[in-house]
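Secondary and tertiary structure notes
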2 protein chains.
Amino acid sequence: MIKQIKHKIKLNATDCVKCFVFKLFLSNFHLSNLIFCFVFNLIYHSMILKKLSYFLILCCLPMNSFSGTGYDLWLQYNKISNQEIKTTYVKNFTGMYVSGTSPTLKIAGDELKRAYKGFFEKQLNETNDFSENTLFLSVRENLPKEISVSLQENFNEINSEGFIIKKIKYKNQNFTVITGKTDVGVLYGTFRYLREMQQHNDISNLHIVDSPKIQKRLLNHWDNLDRTVERGYAGFSIWDWHQLPGLIKPEYKDYARANASIGINGTVLTNVNANALVLTPQYIEKVKALAEVFRPYGIQVYLTARFSAPIESGDLKTADPLDEGVRNWWKAKADEIYGEIPDFGGFLVKADSEGQPGPFEYNRTHVDGANMLAEAVAPHNGIIMWRAFVYSEEDPDDRAKQAYDQFVPYDGDFAENVLVQVKNGPIDFQPREPFHPMFGAMPDTPLMMEFQITQEYLGFSSHLVFLPKLFQEVLEEDTYAKGENTTVAKVIDGTASNKKLTGIAGVANIGTAKNWTGHTFGQANWYGFGRLAWDPYLESEVIAEEWLKTTFSTEEEFVKPMKDLLIESREAVVNYMTPIGLHHIMATSHHYGPGPWVDNLGRPDWNPVYYHKADSAGVGFDRTASGSDALSQYAEPIRKKYSDLETIPQKYLLWFHHVGWDHKLENGKTLWANIALKYQEGVEQVEAMAITWKTMEAYVNKEQFEEVTMLLEIQLKEAKWWRDACLTYFGEFSQMELPEGVPEPQHDLKYYKSLKFPFAPGIRPSWN
Amino acid sequence: MIKQIKHKIKLNATDCVKCFVFKLFLSNFHLSNLIFCFVFNLIYHSMILKKLSYFLILCCLPMNSFSGTGYDLWLQYNKISNQEIKTTYVKNFTGMYVSGTSPTLKIAGDELKRAYKGFFEKQLNETNDFSENTLFLSVRENLPKEISVSLQENFNEINSEGFIIKKIKYKNQNFTVITGKTDVGVLYGTFRYLREMQQHNDISNLHIVDSPKIQKRLLNHWDNLDRTVERGYAGFSIWDWHQLPGLIKPEYKDYARANASIGINGTVLTNVNANALVLTPQYIEKVKALAEVFRPYGIQVYLTARFSAPIESGDLKTADPLDEGVRNWWKAKADEIYGEIPDFGGFLVKADSEGQPGPFEYNRTHVDGANMLAEAVAPHNGIIMWRAFVYSEEDPDDRAKQAYDQFVPYDGDFAENVLVQVKNGPIDFQPREPFHPMFGAMPDTPLMMEFQITQEYLGFSSHLVFLPKLFQEVLEEDTYAKGENTTVAKVIDGTASNKKLTGIAGVANIGTAKNWTGHTFGQANWYGFGRLAWDPYLESEVIAEEWLKTTFSTEEEFVKPMKDLLIESREAVVNYMTPIGLHHIMATSHHYGPGPWVDNLGRPDWNPVYYHKADSAGVGFDRTASGSDALSQYAEPIRKKYSDLETIPQKYLLWFHHVGWDHKLENGKTLWANIALKYQEGVEQVEAMAITWKTMEAYVNKEQFEEVTMLLEIQLKEAKWWRDACLTYFGEFSQMELPEGVPEPQHDLKYYKSLKFPFAPGIRPSWN
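These numbers come from a predicted model, not from an experiment.

What follows deals with the overall build of chain A. When its secondary structure is counted, chain A shows 25 helices and 15 strands. Relative to the compact-globule value of 27 Å for 768 residues, chain A shows a C-alpha radius of gyration of 28 Å, a close match. Taking the principal axes of the C-alpha coordinates as reference, chain A spans close to 85 × 70 × 50 Å. Partitioning the contacts of chain A with sequence separation of at least 6, the portion at a separation of at least 24 is 73%. Looking at chain A as shown, the accessible area adds up to about 27100 Å², and 50% of this sits on carbon and sulfur atoms. Between the averaged position of the 78 positive side-chain charges in chain A and that of its 96 negative side-chain charges there is a distance of 8 Å.

Here we come to the sheet that holds strand 5 (residues 207-210) of chain B. Residue and element names in this part refer to chain B. Strand order in the open sheet formed by five strands is 1-2-4-3-5, with mixed pairing between adjacent strands. Looking at which strands have only one partner, the edges of the open sheet turn out to be strand 1 (95-98) and strand 5. Strand-to-strand twist in this sheet, taken as the mean axis angle between neighbours without regard to direction, amounts to 25 degrees. One ladder, built from four bridges, connects strand 1 with strand 2 (residues 134-139); its direction is parallel. Across the sheet, Tyr-97 pairs through a bridge with Phe-136, a residue of strand 2.

A separate point is the sheet that holds strand 12 (residues 447-452) of chain A. Residues and elements named next belong to chain A. Strand order in the closed barrel formed by eight strands is 6-7-8-9-10-11-12-13, and the pairing between neighbours is parallel. For this sheet the average axis-to-axis angle between neighbouring strands, irrespective of direction, equals 25 degrees. When strand 12 meets strand 13 (residues 503-507), the two strands line up parallel, connected through four bridges. Bridge pairing in strand 13 places Glu-450 opposite Ala-505.

Residue and element names in this part refer to chain A. The element strand 13 is largely enclosed, with a buried count of five among its five residues. Side chains of strand 13 alternate between two faces, with Gly-503, Ala-505 and Val-507 and Ile-504 and Gly-506 buried alike. As judged from the five bridges shared by strand 6 (residues 216-220) and strand 13, these two strands associate in the parallel manner. From the neighbouring strand, Asn-220 faces strand 13, where its bridge partner is Val-507.

Attention shifts here to unusual backbone geometry. Residue and element names in this part refer to chain A. In this structure, the amide linkage connecting Leu-244 to the following residue, Pro-245, adopts the cis form with an omega of 0 degrees. If you trace the backbone, Pro-245 turns up in the loop between strand 6 and helix 9 (250-261). One non-glycine residue, Glu-121, adopts positive backbone phi at about 55 degrees. Counting through the fold element by element, Glu-121 comes out in the loop between helix 5 (103-120) and strand 2 (134-139).

Residues and elements named next belong to chain A. When you tally the buried positions in strand 2, you get six out of six residues, the bulk of the element. Side chains of strand 2 alternate between two faces, with Thr-134, Phe-136 and Ser-138 and Leu-135, Leu-137 and Val-139 buried alike. For the crossover that starts at strand 1 (residues 95-98), traverses helix 5 and ends in the parallel strand 2, the hand is left-handed. Summarising the sheet, strand 2 and strand 4 (residues 173-180) pair through four bridges and their orientation is parallel. Bridging across to strand 4, Phe-136 finds its partner in Val-177.

Attention shifts here to the confidence of the model for chain A. Residue and element names in this part refer to chain A. Residues with a pLDDT of 70 or more make up 91% of chain A, whose mean pLDDT is 91. For the stretch residues 1-66, pLDDT sits under 50, and the model shows 98 contacts to residues farther than four places along the chain or on other chains. Among the prediction metrics, the complex's ipTM stands at 0.90, with pTM recorded as 0.91.

Residue and element names in this part refer to chain B. Side chains of Glu-393, Glu-394, Asp-395 and Asp-405 sit close together on the surface and give a patch of like negative charge. Secondary-structure assignment places Glu-394 in the loop between strand 10 (383-387) and helix 14 (399-407). Classification of Glu-394 as exposed rests on a relative accessible area of 71%.

So, on to the side chain of Asp-428 of chain A. Residue and element names in this part refer to chain A. Considering the arrangement of structural elements, one finds Asp-428 in the loop between strand 11 (418-423) and strand 12. At 2.6 Å, the side chain of Asp-428 forms a polar contact with the side chain of Lys-423. Not counting chain neighbours up to four residues away, the residues in contact with Asp-428 comprise Phe-389, Arg-399, Lys-423, Glu-433, Glu-456 and Tyr-457.

All names here are of chain A. Interaxial distance between helix 15 (residues 468-476) and helix 18 (residues 540-551) falls to 9 Å at its minimum, and their mutual angle equals 155 degrees. Put simply, helix 15 runs roughly antiparallel to helix 18. Relative to helix 18, helix 15 is oriented so that their crossing is right-handed. Two secondary-structure elements touch here, helix 15 through Pro-468, Lys-469 and Gln-472 and helix 18 through Ser-540, Glu-541 and Ile-543. Residue composition of the contact of helix 15 with helix 18, grouped by class: two nonpolar, two polar and two charged.

Residues and elements named next belong to chain A. Its location among the elements puts Trp-655 in helix 22 (residues 653-656). The buried category is assigned to Trp-655, whose relative accessible area is 1%. When the C-alpha atoms of Trp-655 and Arg-432 are compared, they prove to be 9.7 Å apart, with 223 residues separating the residues in sequence. For Trp-655, the residues in contact, after removing those within four places along its chain, are Pro-426, Ile-427, Arg-432, Glu-433, Pro-434, Gly-581, His-583, Phe-621 and Arg-623.

The subject of this paragraph is the nonpolar core. If you look at the biggest cluster of nonpolar residues, it comprises 229 residues, and the most contacted ones within it are Phe-294, Trp-330, Phe-347, Trp-526 and Phe-730 of chain A. Examining the composition of this core, we find that 12 residues originate from one element, helix 24 (residues 702-734) of chain A, more than from any other. In this structure, Trp-330 of chain A is in contact with Leu-279, Ala-305, Arg-306, Phe-307, Ala-309, Pro-310, Phe-347, Met-372, Leu-373 and Ala-376 of chain A, ignoring residues within four places of it in sequence. Counting 228 residues, the second largest nonpolar core, distinct from the first, contains Tyr-252, Val-287, Val-349 and Ile-453 of chain B.

Rules used throughout
Residues numbered from 1 in each chain as written. Chains lettered and ligands numbered in written order. Predicted model: local features only at pLDDT ≥ 70, side-chain atom pairs only at ≥ 80, totals over all residues. Heavy atoms only, no water. Helix = DSSP H or I, 4+ residues; strand = E, 2+ residues; numbered from the N terminus. Rg over C-alpha atoms; globule rule 2.2 N^0.38 Å. Contact = heavy atoms within 4.5 Å. Areas by Shrake-Rupley, 256 points an atom, 1.4 Å probe, with all protein chains shown as cover. Lys, Arg positive; Asp, Glu negative; His and termini not counted. Charge placed at Lys NZ, Arg CZ, Asp CG, Glu CD. Pairing = 2+ DSSP bridges. Axes fitted to C-alpha atoms, helices over the stretch in contact; angles between N-to-C directions. Buried < 20%, exposed > 50% of the residue type's maximum accessible area, 1.4 Å probe, protein only. Right-handed = clockwise from strand over helix to strand, strands pointing away. pLDDT = per-residue confidence, 0-100. Patch = residues over 30% accessible without salt bridge, like charges linked within 9 Å, V, L, I, M, F, W, Y side chains within 5 Å. Salt bridge = Lys/Arg side-chain N within 4 Å of Asp/Glu carboxyl O. Polar contact = N/O pair within 3.5 Å; in protein donor to acceptor, adjacent residues only side chain to side chain. Parallel < 35°, antiparallel > 145°, perpendicular 65-115°, else oblique. Left-handed = near helix turned anticlockwise from the far one by under 90°. Nonpolar A, V, L, I, M, F, W, Y, C, P; charged D, E, K, R; others polar. Core = buried A, V, L, I, M, F, W, Y, C linked by side-chain atoms within 4.5 Å.

What follows is the structure in structure tokens.
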């Protein structure tokens, strides 16, 4: 019968897909069949490769239409078609022995089984003994003594969340062990092991010893209780509060799994513009249900605490942090929450900022407020993350200076379990900002980094912008706080000042979108944030490559050009939105599109004109000693270098200086010409991205290909809109001609000003 | 080698799954192998059945995690495992010949291919000639003359959207033809043909001739431009206005496909509480993009028109329908829209109701308003759907009477292209209402039915309630308008008064939920609405059976008990919420949970106490001649029958009568005892539903099984809450003991009153 089949296959090339299935089947049975398969493979290799993706899609089609959604994120365990890789993989990974029965280890084991099924289309053998090439999972305390001792040195290198992956020999058997000091360490190691395979790396002799460098690696969800998401562009909140705790959606587990796979170990469920209702029993029960889903994945839940909660959610008359009743209210509230959720993480607080209540109302300080809450959660090992994003409409001083002014005097005064959470830059998540000066100025306070993964100022979920490149730029900046090479990364990971408590937060870009993030490439920013939270010294190029391989394809023809595209995408958005240090010139409130002309908002520091200060003489915010002197908040030699028009990096020029339109920059061209050319360059970069993407059809699924194609068209249209609107507006001041290569804008300024988007997504709900 | 394999299979029962794959593979090659497979099948049948679903899930797992979502709705083309059925199907359906190249016919062909792949796991042959058992698709005008003539009689029976499916003989070949007068008729026939196969019906000698009985079969989306959905419980709006027209999401096509499969031919994209912005060029461009996706599926788009749009979206000073400028503004607006969307359907209008603007402000009538708009769209064959859901806070009369009073005097005055859209009952989408008296009172006006598919008053998306049972009850009611047997269905489909224009609308329960409707069983209500829109005389039992088979399984052990469950589910919700004619006693604003005590809302007719009028003497709204006399709006013999406490159907008792607590009902028990026992019965019905569902694990996928299990637990909890809260409240008036079998409520009234749900989903946004 086999002969008959072989004959048929040879006669009919279109049957080669079936042949492939046949081989898969046979390969489950006997090694000799594998060889038989291999011969076939050589003959039909090229045909099979082409048909394969088609077949896999077709195979799932009748089951459901979701195969193209990207719901599985970077956890694609695509079938390994390369026979050489497959053969060595199968040889080195013949089965699995999980020592232990904790929910976390079960998750690790299930992940391995799922991946194995994906890679090899067969079941992974589970065993209960040590045998050749069986992957062995165990926490340290369950390791056979001999193994434990042999790994002693590696164990000394890792912390409680770290892991060791090592090929060892024990009882005359060679196999790989994945171990750590805790279950979650083993889980992290498991995801790491699988990532190696996803990337088709050699697994035959692994020796990886790794630990997270930052302790608290958190997502911040700006999710409201009505499921709107402030600055959310991927649909609405994945937390279905109404149906919790009764309905546990599969998404909750999948969310936890995705986060665990990149080492994220905490999530703040609610918006920093907080609602006190979440602290009531009705909601604590719901939070508990989520905490129980997340726990085995090593993820703690946190909530935002509205400072006035004792009044709104309790029945006190004051929220004064020094009031005994208030202190007791918070202690009782903490006890109540921890009674339900023993591993509750703690509170994130936005106080005395943008209308949020805080200690100032009672003439108290940030320290009073933070330490009062810290006291309440301390007995339960909870932490307080107190945000430094504060600026006052009553303070006429440069907004960029205010957080520093408010916080730095209190360096060293915060309780042990308080982290001060500082945005990466001194304004607000712009396409480019210099690092926040607080990072160089509070050696005695643990500072937590707040990055924004959701693209509030970077094209929402329509623009492809690879943010790890932005994050890396910030982390690598030198604060000079303790001499040269005191990078922001070292401040954050605690090594600069020997901090015990460290943290990093990313404002999530996750929503109900079928692919979680709206734009498929938004997934890369979630992924990249997680990877940098684990290791803030990672290169964004490495992250890009990992993500591309684990999400789409390991093919060099795909990975190489797409990596370049990702890396360049960040500079593109800077160019077409805010080149040469321009910032916060987005349209009002929703921040969608250009609005450099906006000058009528309630607060001066909400108006774009406040930030660019364009006039007939020039453009830019003078933050040198002749201006707001915000530069004085930085250490030397930054101050000196940035004060000088000739030595300041051009990318920060208009952030710190008001510069004449005809001032000549390094390239010998005027500032005006440089601005115009940068806008044009940004547009051209997007054009190039679209062209590159068009050649990638073979490597991604149809739905994703079409989606990204359409989104790049939107991005290009909007990049041109930015260029044309900004150059039209600034041109009215400069009164200079556009340089060669920059097309005349299509419309006049009146047109650009007339565009209104009252329902642009992600805006603040009115009840807040 | 085969022997070796067989041996191995016999040795190892767990390999039976692999064996199954093997058989699938072999069955693609040769009939003799099929026999070989069949033998295996007999031996391993039981084992294989159990493993099969497990295997199928596993098979797709590495591809994506969405296999359990229910995204594919009732369009499941599950593999046909029954060999007998499969053999006859494959014999009768050997290939496909599509005559024509229109987008609609391409969709029909693609659907057949997709289904074929699902049913038989192989590609459907496409041919270009008539051969034995090749399915032939063609519109009438492309049929060979001989076929066309032979079907003459059938063509006379169908309208432009109808279809004929018939096994014919032509050129000595026997095959099935699917035809109609239009492409969309052929598409409807195709879906019907596939539905026969999904249900495992005999297809060897089909002869189906069918046409929709109602012309305009519409979904009404109460979707706002910010993507919130008024009374939406399945996430948020699927219309991503912000990214339209640039991003065409796959959901748009899948939405159209699902609707076309059940014959829905129009969709009103926006909320009846309308925003004039949707009529601006910025949004018309977006609407156009959707219209282009929907067009080949036979679906027209409609918009809601805010009556004051000439002021808000234009720059007129008035919206007076008799003002020349206003009339011209609407004509120009219609021309503008039709210029972009030539098959635009028309406008749906909510005017002078619940704060919406309308003609009353200018002392004009509904007729003035509707006819002014009708005039604007008439040249383009557009229609106006003018809602009759009107009631005034200034009118002290029974709310149930007001729509009738406002509209009936104008019977015959509306323009030809106006439909008056009337809710099924005179109040507002309650679990049970008598039919709206307007259906029996406007013979010279085309009345369009408005059903609510979204479960505003029926447990949101947490409760399993099969609404076709409710719809059928309404459609079967006899209005006696033209003598006995003038059913609501006959009013709606135009046969009662020979109407040219007919329509039916369902307020959609669709959102961004991964399964579209939140509760998987909400899909049944979408499906059922579509089927009843096509044929308002369909039995809900038939619809239930169709839906269960096309969504889950054709197994009798599943279909029979689940059909009973669906049918009973509607009476269950009536029992545990509003038995014996009680109505509108839901909590305020969001309508979540019981709130019979609410008496403090701005308008009397928004308060539950207005509707139940409980006092120490009794409970119920006297709508007889001694009360509001709403009963006089109905024809005889309804008036007489319902006036009498002894002859009124018990289900409507408290709708029309204020009845003493100790009044004895038919069963000899007091009203109070009957109310209490009905609440208890409702709870017990939900308990029974949960028990039945638990036995269905084998027939549905894991995710859906778990989801529905959890939702039934929520439903049970809420049914008990309803029972306990209502009996506690009404008990304070009746001062009577609970009858045997009804447990004492767990809490006191103060507790039930204290429950607050400020973020219950689906509420009206504040900007409205």
